[in-house]
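Read off the chains here:
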Amino acid sequence: MNKLIIFSGFNQRAVIAILRSLVRNHIEDYLIIACGDSDPIFFTEYASKVYYTRKHRELYNPEIYNIFEKIVSENKGYANVVVPSTEGLNRFMIQFRAEIEAIGITIPLAPSDLYRRISDKRTFWEICKENGLSVPQIIEIGYEYKCRYVAKPKTYISPSGERYIPYIIDDPEKNKDFLNRFDLSFFDIQEFVEGESIYLLYYLAKTGVDHAYSQINLVQQPGGKSMIASIPWDTHRQPISEKYVSLIRNLGYSGFIMIELRKNDNGYCMIEANPRMWGPSQLYVDADVPFIEAFLLDYGLIDSIPQRPIRGSAYFWSGGIAEDLMVDSSCVWLERGRELVEANKELIYESDIYNRPDTIGYYNKEKEFWRG
């Protein structure tokens, strides 16, 4: 018998997508680990499944070990599997894998070196370049601002232990501020690649069938942050998808992975890869693409994947913006965004991730936040 452990509080939209999939598959043997008393999970119908509320927001070793020991002690006879929902959690688990697995917890992640080679932006950039896949060009910068660029941290954690995020630099003041704040040796300075924003989505099973899907992103939060609206696309049916599946499989990887591409007149360009769950996961859940079911099958929580036809879907997170989608000046409209939102407006608005019965409490909480 197996039981899932789900850490809440980070990458919350993916967490909700996972929980909805469990409900749909009639799985009740799961434990939610909340991140403090203000965790969004407490404003949802899943609050009753909270097993433990963390006292530390950061992944603090003694507390996490105590949680795992408590789970194993109180759930004898179960194989307890952690859902790989966030980058921080995954990095913690692969760093302390031996200690965690010794407690009796299953970590469904690739070996540490392989995980980092894919997740760290510099190493995956190099892998793709070596295999003939297009990647952004490295450029030189100075205090004289010349063009828009992206500063990407070479690794998830710098040698000093700091966590950096990518920065999109698109004006002289941002350029000056970036140069004054950071050590450039920790970053790759890349050209900003124009074009359609595409996510290639996969669950590569340990055994059996691989599952693929794709989406085109239409609206994004400023600064390259979270996606606000997306719809399904057909890139996973194109030859470029086969190239990435072959590459990832040849590396020896299995599990969840999202590869971000930009498409323009020059073809497809790889932006980054995330070997974990991703924020807009509700899109494939609503479409009945069985990524989560494939994960559940790999780790013994179901015996077979239900056969469901793929449905039309969209992804929308109204809580990521301050006003109405069509008028909010803080939104970043990606290429073809306005055109495709207009063509799919009804479906997009109906797909609001939190404006649903199981999460309406948190939906209202987000609206209160924007109203001040």
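The structure displayed is predicted, hence computed values, not measured ones. (Residues numbered from 1 in each chain as written. Predicted model: local features only at pLDDT ≥ 70, side-chain atom pairs only at ≥ 80, totals over all residues. Heavy atoms only, no water.)

Examining the overall build of the protein chain
Line of reasoning, step 1. If you tally the helices and strands in the protein chain, you get 13 helices and 15 strands.
Line of reasoning, step 2. By principal-axis analysis of the C-alpha atoms, the protein chain measures approximately 60 × 45 × 45 Å.
Line of reasoning, step 3. When each of the 372 residues of the protein chain is scored for burial, the buried share is 55%.
Line of reasoning, step 4. Restricting the contact set of the protein chain to residue pairs at least 6 apart, pairs at least 24 apart contribute 65%.
Line of reasoning, step 5. Working note: accessible area of the protein chain is about 16800 Å², and carbon and sulfur atoms make up 49% of it.
Line of reasoning, step 6. Averaged over its 42 positive side-chain charges, the protein chain has a centre that lies 2 Å from the centre of its 51 negative ones. (Helix = DSSP H or I, 4+ residues; strand = E, 2+ residues; numbered from the N terminus. Buried < 20%, exposed > 50% of the residue type's maximum accessible area, 1.4 Å probe, protein only. Contact = heavy atoms within 4.5 Å. Areas by Shrake-Rupley, 256 points an atom, 1.4 Å probe, with all protein chains shown as cover. Lys, Arg positive; Asp, Glu negative; His and termini not counted. Charge placed at Lys NZ, Arg CZ, Asp CG, Glu CD.)

Focus on the packing of aromatic side chains
Aromatic ring pairs are described here by two measures, namely the spacing of the ring centres and the angle between the planes.
Line of reasoning, step 1. In the structure shown here, the tally under the stated rule is 23 aromatic pairs.
Line of reasoning, step 2. Taken together, the ring pairs in this structure connect Y149, Y164, Y167, F178, F182, F186 and F187 into an aromatic cluster.
Line of reasoning, step 3. K3 extends its terminal NZ or CZ atom over the ring of Y78, reaching a point 4.3 Å from the ring centre. (Phe/Tyr/Trp six-rings, centres within 6.5 Å; stacked < 30°, edge-to-face > 60°. Lys NZ or Arg CZ within 6 Å of the ring centre and 35° of its normal.)

With respect to the sheet that holds strand β1 (residues 2–7)
Line of reasoning, step 1. Pairing is parallel in the open sheet, where five strands are placed in the order β3-β2-β1-β4-β5. Looking at the sheet topology across the chains shown, the edges are occupied by β3 (50–53) and β5 (105–106).
Line of reasoning, step 2. Pairing between β1 and strand β2 (residues 30–34): four bridges, direction parallel. Residue pairing across strands places F7 opposite I33, the latter belonging to β2.
Line of reasoning, step 3. Packing of helix α1 (residues 12–24) onto the sheet brings it into contact with β1 and β2, and relative to β1 it is tilted by some 155°.
Line of reasoning, step 4. Along the sheet, helix α2 (residues 61–74) makes contact with β1, β2, β3, β4 (79–82) and β5, crossing β3 at roughly 150°. (Pairing = 2+ DSSP bridges. Axes fitted to C-alpha atoms, helices over the stretch in contact; angles between N-to-C directions.)

Concerning empty space enclosed by the protein
Line of reasoning, step 1. Taken as a whole and assessed by the stated rule, the structure comprises one cavity of 30 Å³ or more.
Line of reasoning, step 2. Taken as a whole, the largest cavity holds about 30 Å³ of empty space.
Line of reasoning, step 3. In terms of lining, the largest cavity is formed by L4, I18, L22, V83, F256, M277, I292, F295 and L296.
Line of reasoning, step 4. Only α1 and α10 (291–298) provide two or more residues apiece to the lining of the largest cavity.
Line of reasoning, step 5. For the lining of the largest cavity, a count of residues per class yields nine nonpolar, no polar and no charged. (1 Å grid on protein atoms, 1.4 Å probe; cavity = no way out; pocket = protein on both sides within 12 Å on 5 of 7 lines; lining within 4 Å. Points joined across faces, edges and corners; volume = space filled by probe spheres on them. Nonpolar A, V, L, I, M, F, W, Y, C, P; charged D, E, K, R; others polar.)

Examining the environment of I18
Line of reasoning, step 1. Tracing the sequence through the fold places I18 in helix α1.
Line of reasoning, step 2. Residue I18 is classed as buried on the basis of its relative accessible area, which comes to 3%.
Line of reasoning, step 3. Separated by 263 residues in the primary sequence, I18 and S281 place their C-alpha atoms 8.2 Å from one another.
Line of reasoning, step 4. Not counting residues within four places of it along the chain, the set of residues in contact with I18 comprises I6, V83, S85, M277 and I292.

Structural notes on the sheet that holds strand β6 (residues 149–153)
Line of reasoning, step 1. The strand order β7-β6-β8 describes an open sheet built from three strands, whose pairing is antiparallel. Of all the strands in the sheet, just β7 (167–169) and β8 (187–191) have a single pairing partner and so form its edges. For this sheet the average axis-to-axis angle between neighbouring strands, irrespective of direction, equals 25°.
Line of reasoning, step 2. Strand direction decides the pairing type here: β6 and β8, joined by five bridges, are antiparallel. Considered in β8, the bridge of Y149 is made with E191.

Points about α2
Line of reasoning, step 1. Its 14 residues give α2 an end-to-end C-alpha distance of 20 Å, which sits within 8% of 20 Å, the value for a rise of 1.5 Å per residue.
Line of reasoning, step 2. Buried within α2 we find E63, I64, Y65, I67, F68 and I71. (Expected span 1.5 Å × (residues − 1).)

Thoughts on unusual backbone geometry
Line of reasoning, step 1. A positive phi angle is found at N11, which is not glycine, with a value near 50°.
Line of reasoning, step 2. With respect to the secondary-structure elements, N11 resides in the loop between β1 and α1.
Line of reasoning, step 3. Take N11: its relative accessible area is 19%, and that puts it in the buried class.
Line of reasoning, step 4. At R336, a position not held by glycine, the phi torsion is positive, near 75°.
Line of reasoning, step 5. With respect to the element layout, R336 can be found in the loop between β15 (332–333) and α11 (337–343).
Line of reasoning, step 6. Judged by relative accessible area, which is 31%, R336 ranks as partly exposed.

Considering the nonpolar core
Line of reasoning, step 1. Judged by nonpolar contacts, the single largest core of 49 residues is most densely connected at L19 and Y284.
Line of reasoning, step 2. A total of seven residues in this core trace back to one element, the largest contributor, which is α1.
Line of reasoning, step 3. With near-sequence residues (within four places) excluded, L19 lies in contact with I6, Y30, I32, I41 and Y46.
Line of reasoning, step 4. Judged by nonpolar contacts, the second largest core, of 39 residues, contains L218, I248, M270 and A273. (Core = buried A, V, L, I, M, F, W, Y, C linked by side-chain atoms within 4.5 Å.)

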